[in-house]
Amino acid sequence: MLLEARGLKAGYGQTQVLHGLDFDVAEGGVTALLGANGAGKTTTLRAICGMCRVEGAVSFRGQALPGRATEDIVRLGIAHVPDGRGTFMELSVEENFRLGAYIRRDREVAADFDRLCGWFPRLKQRWKQQAGTLSGGEQQMLAIARALLLRPKLLLLDEPSFGLAPLIVQEIFDIMRRVRDESGVGILLVEQNANLALELADLAYLLETGRIVAHGRAAEIRQDEAIRRSYLGY
């Protein structure tokens, strides 16, 4: 298993947000974390990255994560695309790419630029354009591409569809399917659009107030009418 969490608790200061989560992400698999705003989805990603107070066991490729600095977790092979995208707005697309690869010392960076431009052709068209002038969807694509330049084994995606038009959202999810199939990167996906997330995912966990209230194969949860009506809103 690529990532395993057992009894994961997390919070900020005296506030407890997560109350003992158990979940997995398989090598080359997609796990979706679903739930309403405030359920603890974003905190789960931050806990993995060492960005909040953490208790419990979280292991990545057999190595324990709690207690490690965020930059060390990145070097292990975990890339995080936070809610809000986090692109460097004053820099061009090309410059954002180069920043994404700044810790790499191998000779395949140029080849990865070409591969990612194949996955994200809109970015190739905007290569010299300032990131702040891109559309919201293009900025999201740039944030994902920059994270992939780290050559991660695990990609943490926080609300990639937020604020985007439906056609752009579908395009991004199609690209993520291609990334999964062609690169073997495992993905832990936090997403409000439950229907799209369940189409992409292998496993799904439903969070409510920091606790897992349902989990299983994504295809089965997608067809469970009681879960859809009670928690997913479709």
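Preceding block: the structure.
This is a predicted model, so every value here is computed, not measured. (Residues numbered from 1 in each chain as written. Predicted model: local features only at pLDDT ≥ 70, side-chain atom pairs only at ≥ 80, totals over all residues. Heavy atoms only, no water.)

## Here's the deal with the pairing of strand S3 (residues 30–34)
When you tally the buried positions in S3, you get 5 out of 5 residues, the bulk of the element. The pairing of S3 with strand S8 (residues 186–190) spans 4 bridges and is parallel. By the bridge assignment for S8, Leu 33 is matched with Val 190. (Buried < 20%, exposed > 50% of the residue type's maximum accessible area, 1.4 Å probe, protein only. Helix = DSSP H or I, 4+ residues; strand = E, 2+ residues; numbered from the N terminus. Pairing = 2+ DSSP bridges.)

## Quick look at the pattern of salt bridges
Scanning the entire structure with this criterion turns up 16 salt bridges. Note that Glu 94 and Lys 128 form a salt bridge whose closest N and O atoms lie 2.4 Å from each other. In this pair, Glu 94 is assigned in helix H3 (residues 93–100) and Lys 128 in the loop between helix H5 (121–125) and helix H6 (136–148), connecting sequence segments 34 residues apart. On the accessibility criterion, Glu 94 (14% relative accessible area) is buried. Where Glu 171 meets Arg 122, a salt bridge forms, and the shortest distance between an N and an O atom there is 3.0 Å. Separated by 49 residues along the polypeptide, Glu 171 in helix H7 (residues 166–183) and Arg 122 in helix H5 bring together distant segments of the chain. Judged by its relative accessible area of 23%, Glu 171 is partly exposed. (Salt bridge = Lys/Arg side-chain N within 4 Å of Asp/Glu carboxyl O.)

## Looking at the environment of Gln 223
Within the secondary structure layout, Gln 223 lies in helix H9 (residues 218–223). Sequence separation between Gln 223 and Gln 139 is 84 residues; the distance between their C-alpha atoms is 33 Å.

## Overview of the sheet that holds strand S7 (residues 154–158)
Spatial strand order, S6-S7-S8-S3-S9-S10: 6 strands in an open sheet with mixed pairing. The two strands at the open ends of the sheet, each matched to only one other strand, are strand S6 (78–81) and strand S10 (211–217). Between one strand and the next, the sheet's axes are offset by a mean angle of 15°, whatever the strand orientation. Across 6 bridges, strand S9 (residues 203–208) lies against S10 in antiparallel orientation. Along S10, the bridge assignment pairs Leu 206 with Ala 214. Packing of helix H1 (residues 41–48) onto the sheet brings it into contact with S3, S6, S7, S8 and S9, and relative to S7 it is tilted by some 150°. (Axes fitted to C-alpha atoms, helices over the stretch in contact; angles between N-to-C directions. Contact = heavy atoms within 4.5 Å.)

## As for the sheet that holds strand S4 (residues 53–60)
One open sheet holds the 4 strands; their spatial order is S2-S1-S4-S5, and the pairing between them is antiparallel. Of all the strands in the sheet, just strand S2 (15–25) and strand S5 (63–64) have a single pairing partner and so form its edges. Pairing between strand S1 (residues 3–12) and S4: 7 bridges, direction antiparallel. Of the residues in S4, the one forming a bridge with Ala 5 is Val 58. This element, H1, spans S1, S2 and S4 of the sheet and lies at about 110° to S1.

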